[in-house]
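Here is how the chains run, residue by residue.
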Amino acid sequence: MARRSMRLVEYGKPFQLTKEEVPTAPKGGAVVKNEYAGVCHTDAHSADDEFSGLAPLKCVLGHEMAGTIVKIDSSAGLKVGDKVIVYWHGGCGGCSRCAVGETTACLKDVKHWAGITEDGGFSDYVVIPDAKLLVKVPDTVAMDTACLLPCSGITAYNAVCNMVPTVQDFAKHSADCAVLLVGAGGLGLWGVQFAKQLLPAGVRVLSADVDEEKLATAKAAGCDEALLWGKDVDDDTAVAAAKKACGSLGGAVAAIDFVNVPATFGRIEKILVQGGMHVVVGLLGGDAPGSVPLMPYVLSRHQMAGVLMGSLPQLKDLVALMAQGNVKSPPISHHPLENVYDVLQDLKAGKVKGRAVVKL
């Protein structure tokens, strides 16, 4: 059984197409024939070595995967022919965190990350060392949508889950609550819909972005108001417009930053009401510092949470939610395997609307 793979041979350079035999899965593992692989900003960071060697040269990137099992250990509870998605964020498999599916918090800090530290989805076949990381795809979920769930989908889902308790508390005391989602790309579009599904009824969802077309897509996805944060909009104007849009409380009770650069980080802190929740998700700021005035931060009782993906149990909950049919994927464009590096460049340049996936 042979596979085509697009390998990372030099950081910041186009991938190399290789053809090779598919490795044998270890005991307890599986081999999945990929059907779709999502193209994610994390792949761009890896390809440019922004994670300082975390993704080694010769690796096959691509951590959002959906396909069909072709080989699997008989004890795994799944079978050959099952349609699955790959929870790519594996850990040591033996600690108490990994035992309950919280591998992002592996106590031994082991990183078996398919598509980053190990070969992933920009290939016809992927070897999964631990079959417990496979989640069956319901018949009601399309496979090009399914491949997006283990990273962009679950990250947005977890981000919304992080602000649910705060929003619920505010909603007990006010019928006029609003949340702000910064960034209307793939994650932001997921976030709009998850907010509508998970937050108390009547909570308004605002979306902010620099791109009018993306904001139009966010409106179509269900956001209640779009805020254009273009280059000609200064900070004071943007903050004032957002606070007005938030209604009688004069600010957002919670916000998710899917961009996370110093400008958006600081702007959100100005827009949140006292006791508001600031959920930080995006990696676009890199190592740039984000700062808040310390005394006002304490006096305003702001909360903050950083979100890295989500747990395996959360992914299963997300798949069950998607199976109900009330959440639609962002717009999806399909691309051949050989074009994946060019798609990454378009993603970095902000030219991808919704999500791009490789069709294998």
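Each remark here, short or long, concerns the structure printed above.
Residues numbered from 1 in each chain as written. Predicted model: local features only at pLDDT ≥ 70, side-chain atom pairs only at ≥ 80, totals over all residues. Heavy atoms only, no water.

1. Structural notes on the overall build of the chain
Stage number 1. Looking only at helices and strands, the chain features eleven helices and 17 strands.
Stage number 2. Its C-alpha atoms give the chain a radius of gyration of 20 Å, within 12% of the compact-globule value 21 Å for 360 residues.
Stage number 3. Expressed along its principal axes, the backbone C-alpha trace of the chain runs to roughly 60 × 40 × 40 Å.
Stage number 4. When each of the 360 residues of the chain is scored for burial, the buried share is 53%.
Stage number 5. Of the contacts formed within the chain by residues at least 6 apart in sequence, a portion of 73% connects residues at least 24 apart.
Stage number 6. Each charge class in the chain can be summarised by its mean position, and for the 34 positive and 38 negative side chains these summaries are 4 Å apart. (Helix = DSSP H or I, 4+ residues; strand = E, 2+ residues; numbered from the N terminus. Rg over C-alpha atoms; globule rule 2.2 N^0.38 Å. Buried < 20%, exposed > 50% of the residue type's maximum accessible area, 1.4 Å probe, protein only. Contact = heavy atoms within 4.5 Å. Lys, Arg positive; Asp, Glu negative; His and termini not counted. Charge placed at Lys NZ, Arg CZ, Asp CG, Glu CD.)

2. What about the pattern of salt bridges?
Stage number 1. Considering all chains together, one arrives at 20 salt bridges under this definition.
Stage number 2. Note that Arg 4 and Glu 338 form a salt bridge whose closest N and O atoms lie 2.9 Å from each other. Separated by 334 residues along the polypeptide, Arg 4 in strand S1 (residues 2-7) and Glu 338 in the loop between strand S16 (332-335) and helix H11 (340-348) bring together distant segments of the chain.
Stage number 3. The class of Arg 4 is partly exposed, set by a relative accessible area of 24%.
Stage number 4. The class for Glu 338 is partly exposed, based on a relative accessible area of 39%. (Salt bridge = Lys/Arg side-chain N within 4 Å of Asp/Glu carboxyl O.)

3. Describing the packing of helix H5 (residues 186-198) against helix H6 (residues 212-221)
Stage number 1. In the contact formed by H5 and H6, the axes pass within 9 Å of each other and the chain directions differ by 25°. Judged by the angle between their axes, H5 and H6 are roughly parallel. Crossing handedness for the pair H5 and H6: right-handed. Of the residues in H6, those touching H5 at Leu 189, Val 192 and Gln 193 are Thr 217, Ala 218 and Ala 221.
Stage number 2. For the contact of H5 with H6, the per-class residue count stands at four nonpolar, two polar and no charged. (Axes fitted to C-alpha atoms, helices over the stretch in contact; angles between N-to-C directions. Parallel < 35°, antiparallel > 145°, perpendicular 65-115°, else oblique. Left-handed = near helix turned anticlockwise from the far one by under 90°. Nonpolar A, V, L, I, M, F, W, Y, C, P; charged D, E, K, R; others polar.)

4. Comments concerning the layout of surface pockets
To locate leftover empty space, one rolls a probe as large as a water molecule over the atoms.
Stage number 1. The computed volume of the largest pocket comes to approximately 1,200 Å³.
Stage number 2. As for the largest pocket, its lining consists of 50 residues, and the residues nearest its centre are His 41, Phe 258, Val 259, Gly 282 and Leu 284.
Stage number 3. At the level of elements, helix H1 (41-47), helix H4 (149-173), H5, strand S11 (204-209), helix H8 (262-271), H11 and strand S17 (355-359) are the ones that each hand at least two residues to the lining of the largest pocket.
Stage number 4. The residue makeup of the lining of the largest pocket, split by class, is 29 nonpolar, 14 polar and seven charged.
Stage number 5. The space that makes up the second largest pocket amounts to roughly 420 Å³.
Stage number 6. Every residue lining the second largest pocket is counted, 26 residues in all, and those nearest its centre are Thr 103, Asp 130, Lys 132, Leu 133 and Leu 312.
Stage number 7. Counting only elements with at least two residues in the lining of the second largest pocket, the list comes to helix H2 (96-99), strand S9 (134-136) and helix H10 (312-323).
Stage number 8. Classifying every residue of the lining of the second largest pocket by side-chain character gives 15 nonpolar, six polar and five charged. (1 Å grid on protein atoms, 1.4 Å probe; cavity = no way out; pocket = protein on both sides within 12 Å on 5 of 7 lines; lining within 4 Å. Points joined across faces, edges and corners; volume = space filled by probe spheres on them.)

5. A short note on the side chain of Asn 260
Stage number 1. Inspection of the secondary structure assignment puts Asn 260 in the loop between strand S13 (252-257) and H8.
Stage number 2. Apart from residues no more than four positions distant in its own chain, Asn 260 is found in contact with Phe 265, Val 280, Gly 282, Leu 284 and Gly 285.

6. Description of the packing of H4 against H5
Stage number 1. As a packed pair, H4 and H5 sit with axes 9 Å apart at the nearest point and diverge in direction by 45°. In this view, H4 runs oblique relative to H5, as classed from their interaxial angle. Crossing of H4 against H5: the hand is right-handed. Where H4 abuts H5, its residues Leu 149, Ser 152, Gly 153, Thr 155, Ala 156, Tyr 157, Val 160, Cys 161 and Val 164 lie against Leu 187, Trp 190, Gly 191, Phe 194, Ala 195 and Leu 198.
Stage number 2. Looking at the contact of H4 with H5 residue by residue, the class counts come to eleven nonpolar, four polar and no charged.

7. Some points on the sheet that holds strand S12 (residues 225-228)
Strands in a sheet are paired, the pairing made by backbone hydrogen bonds, and the direction either parallel or antiparallel.
Stage number 1. Taken in spatial order, the six strands of this open sheet run S12-S11-S10-S13-S14-S15, and their pairing is parallel. A single partner strand is all that each edge strand has here, and the edge strands are S12 and strand S15 (303-306). Recorded for the sheet is a direction-independent mean angle of 20° between the axes of neighbouring strands.
Stage number 2. Pairing of S11 with S12, which is carried by four bridges, proceeds in the parallel orientation. Following the sheet pairing, Leu 206 is matched in S12 by Glu 225.
Stage number 3. Of the strands in this sheet, strand S10 (178-182), S13, strand S14 (272-280) and S15 are in contact with H4, which crosses S14 at around 170°.
Stage number 4. On top of the sheet, H8 reaches S10, S13, S14 and S15; it is set at about 150° to S14, its chief contact. (Pairing = 2+ DSSP bridges.)

8. Looking at unusual backbone geometry
Stage number 1. One non-glycine residue, Asp 109, lies in the positive phi region at around 55°.
Stage number 2. On the secondary structure map, Asp 109 appears in the loop between H2 and strand S7 (112-113).
Stage number 3. The backbone of Asn 260 shows a phi angle near 65°, a positive value even though the residue is not glycine.
Stage number 4. Residue class for Asn 260 comes out buried when judged on its relative accessible area of 16%.

That is the geometry; function is a separate question.
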